[in-house]
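Letter by letter, the chains look like this.
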Amino acid sequence: MLPRRILKYVALTGIIAGLLASVFLAFPSNTHAQTASDPQFMLTWKAINSNVPSFYAGKALPSYGSQVLAEMTLVSGGKVDDLSQQTIYWYLNDTLIGGGIGVTKVTFVPFGTPPNSLTLKVELPNYNGMDLVHEIQLPFVNPVAVIEAPYPSGNFSSNPVAVTALPYFFPLAPSNLSYTWAVDGTTGSNAENPESAEITLPQGTPSGTGITVSLAIANQSGSVVANTQSTLTYNSQL
């Protein structure tokens, strides 16, 4: 059986797999048939401060408060065009977010309500007599909280039992987040290491007893919160 961390990673990446894209290639919107000499957009983006665990191999996605860096190049006739004298405009959901002469990069904070898909558009007016426009859909997600409990199928025999919080897509480092733990509705804390919780079962707890571990991760102001819970089962025969 796969370790629980890997199972959680597979589940998480399965949810967002349709949103992930590192490079977007497309022809500009023209009505004539495309040829090899037609200009092609190469548009990339990355969430600068969207934090994920070190072992996570997917693309960090922008969430509330994240900064996004977008960059474009234009390829024509097999060569990268010099756009240093070209006027370029950037839009997010048709709102101008940057631009000017030779502005091939833009940094911005997504706006709206996640989860959502935002339209990032770049426009090159009067490029060799044409107005070129290209757009992509930018994923905009809520932060995600995951409880790492490395016990096969949620069964454990150790007492106390240890669990760890894994925050995804928060615009703050894990050390700057707050963590609230609860076991069967009763809250607790770990002042020395708030990202983890140690749960001690009473002596004589019968095998088969289940516990529900809840976790809330929040930013400093408490305006962005991610919640999750996990059910673990004590099995003395393991």
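Counting restarts for each chain, with residues numbered from 1 along the sequence as it is written. With the structure being a predicted model, the display of local features is reserved for residues of pLDDT at least 70 and the display and counting of side-chain atom pairs for 80 or more, all residues being used for whole-chain, interface and lining totals. As a convention, hydrogens and water are excluded, and side-chain values are obtained from all of the structure's heavy atoms.

1. Notes on the overall build of the chain
Then, in step 1: Going along the chain from the N terminus, every DSSP run of H or I of four or more residues is numbered as a helix, and every run of E of two or more is numbered as a strand. Across its full length, the chain holds one helix and 17 strands.
Then, in step 2: Burial status across the chain gives 38% buried among its 238 residues.
Then, in step 3: Two residues form a contact once any of their heavy atoms are found within 4.5 Å. Partitioning the intrachain contacts of the chain with sequence separation of at least 6 by distance along the chain shows that 62% fall at a separation of at least 24.
Then, in step 4: Per-residue and other accessible areas were derived by the Shrake-Rupley procedure at a 1.4 Å probe size, with only the shown protein chains allowed to occlude residues. Of the roughly 12400 Å² that the chain leaves accessible, carbon and sulfur atoms contribute 51%. Categorising residues by exposure relies on relative accessible area from a 1.4 Å probe, with only protein chains included: less than 20% of the type maximum marks a residue as buried, more than 50% marks it as exposed, and the intermediate range marks it as partly exposed.

2. Some words on the sheet that holds strand 9 (residues 130-140)
The strands that make up a sheet pair up through hydrogen bonds in the backbone, lying either parallel or antiparallel.
Then, in step 1: Pairing between two strands is assigned when DSSP locates at least 2 bridges connecting them. Taken together, the four strands give an open sheet; going across it, the order is 6-5-8-9, and neighbouring strands pair in antiparallel fashion. Taken across any chain shown, the strands that pair with only one partner, and hence form the sheet edges, are strand 6 (95-101) and strand 9. Neighbour-to-neighbour, the strand axes of this sheet turn through a mean angle of 15°, independent of strand direction.
Then, in step 2: Of the pairings in the sheet, the one linking strand 5 (residues 87-92) to strand 6 comprises six bridges and is antiparallel in character. Along strand 6, the bridge assignment pairs Tyr 89 with Gly 99. Note on geometry: axes are lines fitted to C-alpha atoms, helical ones only across the stretch in contact, with angles between N-to-C directions running from 0 to 180 degrees.

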